[in-house]
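Chains, contacts and geometry: an overview
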Amino acid sequence: MGKRPPLVVLSSSDDDDGGGRCTGSRAPSARRTRTPAPPPPAAKQAPSSSRKKLRRGSSGGRGRRGASDPAPSGSLKAEFDMLSEDFTECLNDLGTSGSMHQTKELWVDKYRPHSLAELAVHKKKVEDVKKWLEEKLMAPKGTHGGWSLVLTGQAGVGKSATVKAIAAEIGADMCEWTTPVPTLWAEHMHASSGLQYVSKLEEFENFVEKIRKFSLLFPTTIGSQRKLIIALIDDIPVTSGNASLARLGKCLTSLIQSTQIPTVISLTHYHKSEANDTAMWNSEELESLLQRAGAHKIVFNPVTISSIKKILFRICKQESSSTTEELVHEIATSCGGDIRHAIMSLQYYCLNPRRLNSALATSATLLESTGFGALAQGQDCYSRSSSMPSPCGRDETLTLFHALGKFLHNKRESHGDVNIDLDSFPLKEKLRRNPLKMDVPEMILSQAHGKVRTVADFLHENALDFIDDDAVDDAWVVMSYLSEADCLLAGSPITSARWTVNESNESGSMSQLIAASVAARGVLFGNAHASLSRWHTIRSPKVWQIERTFRSTKDQILNERFDCSSTPGSRNFSEIVNDFRPFERWICPRSYMPRNVSVHHDVDGNNSEEDVIEDC
Amino acid sequence: MAASSSAAAPTDTYDIPWVEKYRPSRVADVVGNSDAVSRLEVIARDGNMPNLILSGPPGTGKTTSILALAHEMLGPSYREGVLELNASDDRGLDVVRNKIKMFAQKKVTLPPGRHKIVILDEADSMTTGAQQALRRTMEIYSNTTRFALACNTSSKIIEPIQSRCAIVRFSRLSDQEILGRLMVVVAAEKVPYVPEGLEAIIFTADGDMRQALNNLQATVSGFRFVNQENVFKVCDQPHPLHVKNMVKNVLDGKFDEACSGLKQLYDLGYSPTDIITTLFRVVKNYDMAEYLKLELLKETGFAHMRICDGVGSFLQLSGLLAKFAIVRETAKA
């Protein structure tokens, strides 16, 4: 708490301006609503920002409570002067600068879809949602059940955006669940006399209660002209532990069963980063719970590359930024169907560093000033990495595919032994290889940002496709190297178990590095007769993942056995699996569930990268 | 030596770590990753920072550049406008819900186009629950508050957060880049050195600027002179040149000499783990035929595995050299 910087306090007289300062800097239209200034031409922003203002209005009232110390009036005057100065400056800025700097918003907010036509989501899905909503809005009140819709899909595919756009289109009001301002940290700290936090779960329960009551009252309040209201729940509270999860489940179930206004719940799928993270609710589990309660489900697929590209091009045009088609293509392909991330990346990559030549110049002079040509001659493998375009994209597996492609396609210089004679001693004919037409494998690996286990698994799964059909010898070599890499990765069971205790992280990472280079180099070396480059899809290694999951579960059980029982070694696996596990499941069904589901999920979601060997 | 002691005298009174002393305060001064840095520079000048995830190995300037960016963007209002949390601060669910959210709601007077910044250093150590709670906060307050997360692996950040951020990847610094910065520090501190000493520091740093500067300072404060022996004494690593000679001897067929080299190294008191770690790095960067490199790496890996299993004896290291020799023999035409 001591680190928390003091609040800048503005008294109520210029509170509005103060609010305008931090909020209004984003958009001129927000300023217009508060101060009598000539309206800048940004009418397009008006609906979105006014909506936001409403939301802020309610939360700001309580937020102000936190800033309760009155400021000395002397400094206030100065501050006000500064404010107005800034304000005029800002206005001038508005007049002069180009469209690029007109608003200081995130592009994601700025180019939020306002109509159905602007949505990047597949038309059919939009139609589905719209049909459902319209149907419900037209439906007579009083029917029970079937008033809720669950939208699922990975992050950034436009679940909430679709609902909002549809609501705007059919003129319905949105009733959103936004988490209220929490109990103040300081309040909690100082009033230690049992002042409870209102937990998010309780607040959510209250909200749900309100929706239900509200919807019951609703038909009587307004006469013939029915006002259209859609409730959107975007932010299901994070629960930990089984009790609160059960409460949340109960709460949601009762909501679904009794709500009488169309309620949309959006659930984001994501891969868990850690297998043993049982603290969080699991989206699949919640989803099935909601469905059992009778919610209609619509799954959103990742946005297609072409529609992402379309949107990105449109934004580029509106921002009048000169981005290459190549860049847009790369962003669109590498974002993995996540339109929000694509736009964020675009905003980042549209920052044009060419206008700032000084930086490049200084770094160039730095490079020149080194003057030690002889230094570290063997180690220049990293030196080119800075000049390469940094990969964009959210998920590392995408750049991983790039690296895999390089290893598998195995492009080499075609003309004979140019570099061989440079070597100190001659190699056997069949062990000679032409130099690689790529960077050092280690560097590619380091740029791929992938986990070694994943790389090895993918190579194992796909390597055979890329070897010529007749070259059985090559397949031998490749597979033998891959098996050795696998061996290196796993280590002996003793070491992998002991790493948790005393082995330093470094040695673990070193064996990982070696395994990665053996796997990559093994594939490169072994594949002497690469098959003609035709199109191969890279498959995800499901079989090996099942095996791996099996192994890791076994490890886990082993660990648990050591953890739980004071007499290790007295029981064997079959006893644990057959007797104790079912018993455990029987006494506390919940505690077992997530583990079970996560294992299943691991097999299911091919890209989730739990590397239990490393973790434990 | 005399020159060094006189020059170092004034700084001796307050010996702050050079890492801090020479931490760049402007984004433009951040070394390496020129593409990322130049974009951050644009942000520093224009404001309107998007939410960022800076990911990369340690010592590549993630924290430095984000701090410099915040200072440059917010200037005097840095203290009010920036909330910086790292792994040592409590960052559980409660903090995200309260501290970060309160900060996001706080009103601060900032220049136009600037936003408050929440810097979450070492964000990969945040729990999933905390990240999940952050998700919505990021969105709701995006018009006043922006987030910058620094982490080593971006895969530890949950997808909804990744989706809300632009990812800036930092890669290891090249030796030239580290050298350039070392030269600046060396000149400013008037450190006596020989080029080989700096080369040794760069080798030990392995693309990590923080490590490089720490090693440099340790060497200087320990021996007042930067040469190879001193650096490796301070860093307590087997001399890579020695190891390199060993490998070279094996590949040239001079097995006896290689073994005596190993014996020397072992007698100096280095543990087999130290030796094999250096050996791996030497082999990795050694210029040799593809097949040889592959086989040597493989054998090194297996030997490392055995040593990790507890069989860290001199015999294992000799055996490794013998295996190198066998590989060479089988490969030889």
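A brief structural summary.

Cut-off values and rules
- Within each chain, residue numbers correspond to sequence positions counted from 1 in written order.
- A letter from A marks each chain and a number from 1 marks each ligand, given out in the order of writing.
- Confidence filtering applies because this is a predicted model: local features only for residues at pLDDT of at least 70, side-chain atom pairs given and counted only at 80 or more, and all residues used for totals across whole chains, interfaces and linings.
- Side-chain calculation: all heavy atoms of the structure are included, whereas hydrogens and water are not.
- For the purposes of this entry, the term helix denotes a DSSP run of H or I that reaches at least four residues, the term strand denotes a run of E that reaches at least two, and both are numbered from the N terminus.
- Throughout this description, buried means an accessible area under 20% of the type-specific maximum (1.4 Å probe, protein chains only), exposed means over 50%, and partly exposed covers the range between.
- Any two residues whose heavy atoms approach within 4.5 Å are treated as being in contact.
- Method for areas: the Shrake-Rupley scheme with a 1.4 Å probe, in which residue coverage is limited to the protein chains shown.
- In this scheme, patches are assembled from residues that exceed 30% relative accessible area and form no salt bridge. Like charges are connected within 9 Å, while nonpolar side chains (Val, Leu, Ile, Met, Phe, Trp, Tyr) are connected within 5 Å.
- A pairing counts as a salt bridge when a side-chain nitrogen of Lys or Arg comes within 4 Å of a carboxyl oxygen of Asp or Glu.
- A strand pair is defined by DSSP finding two or more bridges across the two strands.
- Axes, fitted as lines to C-alpha atoms, cover a helix only where it is in contact. Angles between the N-to-C directions of the axes lie from 0 to 180 degrees.
- Each Phe, Tyr or Trp ring, with Trp reduced to its six-membered ring, pairs with another whose centre is within 6.5 Å; inter-plane angles below 30 degrees give stacked pairs, above 60 give edge-to-face pairs, and intermediate values give tilted ones.
- For a lysine, the NZ atom is tested; for an arginine, the CZ atom; a charge sits over a ring if that atom is within 6 Å of the ring centre and within 35 degrees of the ring normal.
- Here a cavity denotes a set of grid points, spaced 1 Å apart and computed over the protein atoms alone, in which a 1.4 Å probe fits but from which it cannot get out, and a pocket denotes an open set meeting protein on both sides within 12 Å along at least five of seven lines; residues with an atom within 4 Å of a point are reported as lining.
- Grid points are joined across faces, edges and corners, and a volume is the space filled by probe spheres set on the points.
- Each residue receives one of three labels: charged for Asp, Glu, Lys and Arg, nonpolar for Ala, Val, Leu, Ile, Met, Phe, Trp, Tyr, Cys and Pro, and polar for the others, Gly being one of them.

Secondary structure summary: chain A contains 25 helices and five strands in total. Counting only residues that meet the buried cut, chain A has 48% of its 616 residues in that class. Counting contacts in chain A only where the partners sit at least 6 residues apart, residues at least 24 apart contribute 77% of the total. Per element, the accessible surface of chain A, about 30100 Å² overall, is 57% carbon and sulfur.

Each helix and strand in chain B was counted, giving 17 helices and five strands. The buried share among the 333 residues of chain B stands at 65%. Here the contacts in chain B between residues at least 6 apart in sequence split such that 74% fall between residues at least 24 apart. Entry remark: accessible area of chain B is about 11000 Å², with carbon and sulfur atoms responsible for 53%.

Residue and element names in this part refer to chain B. In this structure, N48 takes a positive phi of about 50° despite not being glycine. Relative to the assigned elements, N48 resides in the loop between α3 (34-46) and β1 (52-55). N48 sits in the buried class, given a relative accessible area of 9%. Notably, K190 is not glycine yet its phi reads approximately 50°, a positive angle. Tracing the chain through its elements places K190 in the loop between α9 (175-189) and α10 (195-205).

Okay, a nonpolar patch on the surface next. Together, F583, W586 and I587 of chain A make up an exposed nonpolar region whose accessible area comes to about 410 Å². Position of F583 of chain A among the secondary structure elements: in helix α23 (residues 573-587).

This part is about the sheet that holds strand β5 (residues 166-169) of chain B. Taken in spatial order, the five strands line up as β2-β3-β4-β1-β5 (chain B) in an open sheet, and their pairing is parallel. Where the open sheet ends on each side, the last strands, each with one partner, are β2 (82-85) and β5 of chain B. Neighbour to neighbour, the strand axes of the sheet diverge by 15° on average, direction disregarded. Relative to β5 of chain B, β1 of chain B is paired through four bridges, and the arrangement is parallel. From the neighbouring strand, L54 of chain B faces β5 of chain B, where its bridge partner is V168 of chain B. Each of β1 and β5 of chain B touches helix α14 (residues 339-349) of chain A; the most contacted strand, β5 of chain B, lies at about 55° to it.

What follows is about the pattern of salt bridges. When the charged atoms of two side chains with opposite charge come close together, those side chains can pair. This structure, assessed with the given rule, holds 13 salt bridges over all chains. Between E484 of chain A and K298 of chain B there is a salt bridge whose closest N-O contact spans 3.3 Å. Of the two residues, E484 of chain A sits in helix α19 (residues 472-490) while K298 of chain B sits in helix α16 (residues 290-308), which places them in two different chains. Each member of the pair, E484 of chain A together with K298 of chain B, is buried. A salt bridge links D35 of chain B to R39 of chain B; the nearest nitrogen and oxygen atoms lie 3.6 Å apart. A residue pair is termed a helical-turn pair when its members lie 3 or 4 positions apart in one helix, as D35 of chain B and R39 of chain B do in helix α3 at four residues. When its relative accessible area of 22% is taken as the criterion, D35 of chain B is described as partly exposed. A residue is classified by how much of its surface remains accessible, and R39 of chain B, at 9% relative accessible area, is buried. Residues joined by salt bridges that share partners form a network here, namely R340 of chain A together with E139 and R164 of chain B.

In the structure shown here, the tally under the stated rule is four aromatic pairs over all chains. Measuring from centroid to centroid gives 6.4 Å for W107 of chain A and Y111 of chain A, while their planes differ by 90°, and the two rings are edge-to-face. The exposure class of Y111 of chain A is buried, given its relative accessible area of 9%. An angle of 90° between the planes, with centres 6.4 Å apart, marks the rings of Y481 of chain A and F525 of chain A as edge-to-face. Placement of Y481 of chain A in helix α19 and of F525 of chain A in helix α21 (residues 505-526) is noted, with a sequence separation of 44 residues between them. The residues Y481 of chain A and F525 of chain A share a single accessibility class, namely buried. An aromatic cluster is present here, built from Y481 and F525 of chain A together with Y291 of chain B joined pairwise through their rings. Lying over the aromatic face of Y348 of chain A, R39 of chain B brings its terminal NZ or CZ to 5.8 Å of the ring centre.

A few words on empty space enclosed by the protein. One pass over the structure, following the stated rule, counts 15 cavities of 30 Å³ or more. By volume, the largest cavity is sized at about 590 Å³. As for the largest cavity, its lining consists of 35 residues, of which V108, R112, A161 and R340 of chain A together with E139 of chain B are closest to the centre. Tallied by class, the residues present in the lining of the largest cavity amount to 13 nonpolar, seven polar and 15 charged.

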